[in-house]
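So the chains spell out like this:
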Protein chains: 2
Amino acid sequence: MQKATADKSDPIAAQLAPVGRETVQDRVYLELRRALIGGLFEPSQVLTIRGLADALMTSTMPVREALGRLITEKALEALPNRSVRVPPITLERMDDLLRARILIEGEAIALAATRMTSRQITTIESMLGEWDEMRALKHKKDVDREVTLNQAFHFEIYRACGSAVLIPMIESLWLQSGPCIRVAIYAFSDAGEIDTAHYHRTIVKAIAAQDAKEARDALVADISRPFTFLRNKLEAEAKKGQSA
Amino acid sequence: MQKATADKSDPIAAQLAPVGRETVQDRVYLELRRALIGGLFEPSQVLTIRGLADALMTSTMPVREALGRLITEKALEALPNRSVRVPPITLERMDDLLRARILIEGEAIALAATRMTSRQITTIESMLGEWDEMRALKHKKDVDREVTLNQAFHFEIYRACGSAVLIPMIESLWLQSGPCIRVAIYAFSDAGEIDTAHYHRTIVKAIAAQDAKEARDALVADISRPFTFLRNKLEAEAKKGQSA
DNA sequence: TCAATGCAAGTGTGATCACAAATCAAATAA
DNA sequence: TTATTTGATTTGTGATCACACTTGCATTGA
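Summarised in this report is the structure supplied together with it.

So, how was this worked out
Residues numbered from 1 in each chain as written. Chains lettered and ligands numbered in written order. Predicted model: local features only at pLDDT ≥ 70, side-chain atom pairs only at ≥ 80, totals over all residues. Heavy atoms only, no water. Near = heavy atom within 4 Å. Polar contact = N/O pair within 3.5 Å; in protein donor to acceptor, adjacent residues only side chain to side chain. Axes fitted to C-alpha atoms, helices over the stretch in contact; angles between N-to-C directions. Helix = DSSP H or I, 4+ residues; strand = E, 2+ residues; numbered from the N terminus. Parallel < 35°, antiparallel > 145°, perpendicular 65-115°, else oblique. Left-handed = near helix turned anticlockwise from the far one by under 90°. Contact = heavy atoms within 4.5 Å. Nonpolar A, V, L, I, M, F, W, Y, C, P; charged D, E, K, R; others polar. Least-squares fit on C-alpha atoms with pLDDT ≥ 70 in both. Pairing = 2+ DSSP bridges. Phe/Tyr/Trp six-rings, centres within 6.5 Å; stacked < 30°, edge-to-face > 60°. Lys NZ or Arg CZ within 6 Å of the ring centre and 35° of its normal.

As a further point, take the protein's contact with DNA strand D. Around DNA strand D, the structure places 19 residues, and the nearest of them are R50, R64 and R82 of chain A together with V24 and S59 of chain B. Near-protein atoms of DNA strand D (within 4 Å) split between backbone and bases, with sugar and phosphate holding 56%. Residue V24 of chain B places a main-chain N or O atom 2.4 Å away from a phosphate oxygen belonging to DNA strand D. One of the side-chain N or O atoms of T58 of chain B is found 3.2 Å from a phosphate oxygen in DNA strand D.

Here it is in structure tokens:
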């Protein structure tokens with residue numbers, strides 16, 4: 001009954017990899033996605049299919065499909081030259097992104113505030129502790145871990161909103177604002193950072209109290225901060241460049 | 001200076017086709033997109049790459065890229081078998097979609113209400129007239145044209161919201177609710193239709209008065225109707241199926 | 001008659017090739 | 001020196017091929 005590639009019909013092995021093996025295309029897509037959310041690509045940077053294929057040690061085929069998907073999500077931009085780049089930062093786009101994020105993530109956290117189980121609340125509380133811990137030993141600014149932890153914290157909440165429609169939209173928004181955020185976080189580090197964990201604590205407290213309005217307000221403050229910070233920075237640079 | 005393929009550097013010809021020639025991939029993507037929004041595919045219908053490639057008279061390559069893009073937009077669904085289908089309709093998904101559409105399209109129309117130029121308002125007013133005209137000679141129920149006109153009306157408004165972030169999200173939402181809508185419209189036709197143009201008139205009136213709240217309320221009523229109608233129908237069927 | 005087995009057609013995935021367009025660089029002319 | 005042109009390299013796009021997996025049907029066995 002069993003062919004040479006027998007493992008797949010072995011019930012035990014099947015349980016270890018039950019969801020169907022991952023395709024190269026998905027691996028590439030997730031890899032690029034992670035890089036974009038983490039801000040590993042600079043705004044306006046152009047990406048080539050063959051370049052990425054070499055970097056990811058695969059052929060061009062999975063890369064071009066992944067790029068196409070990211071372009072439809074507006075995470076990347078297709079130039080008329082048919083080359084693709086990560087979208088440049090403009091003030092209009094930042095304001096636009098922030099408004100959309102306030103609208104949608106605010107709704108998601110308001111829904112989640114009345115739906116999170118005590119188990120889930122415990123999880124985000126422990127993330128709070130992990131955040132403090134990382135902040136305590138700040139011998140080196142581990143921006144990567146900061147970004148990752150921030151993402152995990154927010155999406156642990158968003159997942160609890162119970163909407164299979166809103167969550168992908170939020171992911172798309174993070175994908176689009178990833179490059180901006182990274183720039184903003186670096187700017188923060190230079191400028192002597194405010195305690196970002198404060199807002200997170202407020203969020204957890206509000207959710208524990210099932211106070212949807214308070215949770216939404218704290219979230220708005222949390223996600224607005226890097227945007228307004230970066231906005232001020234860009235405006236200052238623009239003014240300086242104008243006078244020079 | 002000019003090569004043998006001279007036309008592209010001719011300024012006049014360049015103006016006629018300024019955006020770069022269209023790729024087959026984009027044509028296929030737009031074709032499938034149009035079919036999905038128009039509800040030409042049934043819920044749960046499975047699509048094959050080679051089948052679509054034959055139907056669209058191209059190779060498999062552009063089709064697989066288009067399918068990948070539509071899957072990331074949640075307009076299509078990837079089964080663990082690696083086959084793709086248009087997502088089935090469930091009550092939860094409908095409620096989820098409607099809530100998201102109220103949130104986002106409501107915000108978009110509220111923004112548009114204070115930004116539309118008199119030129120744009122004239123455009124949607126004329127669409128109103130076209131709608132009445134079509135409704136007048138209702139010798140045959142031209143569902144396709146009804147869907148197309150409805151789409152044109154709404155997106156003429158949404159485009160005026162001035163957000164390059166919200167509009168793609170709305171397009172994604174229409175893509176996802178397309179199959180449901182088509183089913184609902186057919187159900188309407190059977191059940192003796194309410195005057196859908198009434199809400200559209202209210203919307204135009206509110207926008208002309210720059211009354212954002214009124215416009216949002218009318219829009220919510222407009223897009224809720226087919227959903228609640230279909231919801232009642234599905235619930236009735238479920239109850240009947242349960243008792244039988 | 002019905003379940004199990006085995007074969008065949010169909011399908012998605014990834015790699016490679018061919019081609020046209022774009023980009024870049026060097027060489028030439030003004 | 002500067003601007004223009006020409007040639008080579010790079011790049012995206014579409015087609016085709018090879019392979020593995022799934023699905024469906026027919027044959028075989030009890």
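Here we come to the packing of helix α7 (residues 143-159) of chain B against helix α9 (residues 197-208) of chain B. Residues and elements named next belong to chain B. The interhelical angle for the contact between α7 and α9, taken along N-to-C directions, is 20°, at an axis separation of 12 Å. By the criterion of interaxial angle, the relationship of α7 to α9 is roughly parallel. For the element pair α7 and α9, the recorded crossing hand is left-handed. Between α7 and α9, the residues in contact are N150, F153, H154 and I157 and H200, I203, V204 and I207, respectively. Along the lines of polarity and charge, the residues of the contact of α7 with α9 split into 5 nonpolar, 3 polar and no charged.

For the pair chain B and chain A, the best superposition has an RMSD of 0.1 Å and corresponds to a rotation of 180° with a translation of 0.0 Å parallel to the axis. On the angle and the small slide along the axis, the relation comes out as a two-fold axis. For chain B, the minimum C-alpha distance to the rotation axis belongs to R69 of chain B and amounts to 2.3 Å. Interface overlap between copies: 97% of the residues of chain B at the interface are likewise at the interface in chain A, consistent with a symmetric, same-surface contact.

This brings us to the sheet that holds strand β3 (residues 84-85) of chain B. Residues and elements named next belong to chain B. On the basis of which strands lie adjacent, the open sheet formed by 3 strands has the order β1-β3-β2 and antiparallel pairing. Two strands close off the open sheet at either side, each with one partner strand: β1 (46-47) and β2 (77-78). Of the strand pairs in this sheet, β1 and β3 are connected by 2 bridges, and their pairing is antiparallel. Of the residues in β3, the one forming a bridge with L47 is V84.

Another point: the packing of aromatic side chains. By convention here, two paired aromatic rings are described through the distance between centres and the angle between planes. Residues and elements named next belong to chain A. The full count for this structure, using the stated rule, is 4 aromatic pairs over all chains. Residues F155 and W174 carry aromatic rings whose centres are separated by 5.1 Å and whose planes lie at 65° to one another, so their mutual orientation is edge-to-face. Of this pair, F155 sits in helix α7 (residues 143-158) while W174 sits in helix α8 (residues 166-191), and the two are 19 residues apart along the sequence. Here the aromatic residues F155, Y158 and W174 are joined through ring pairs into a cluster of three or more. One Lys or Arg, R69, reaches over the ring of Y29 and ends 4.0 Å from the middle of that ring.

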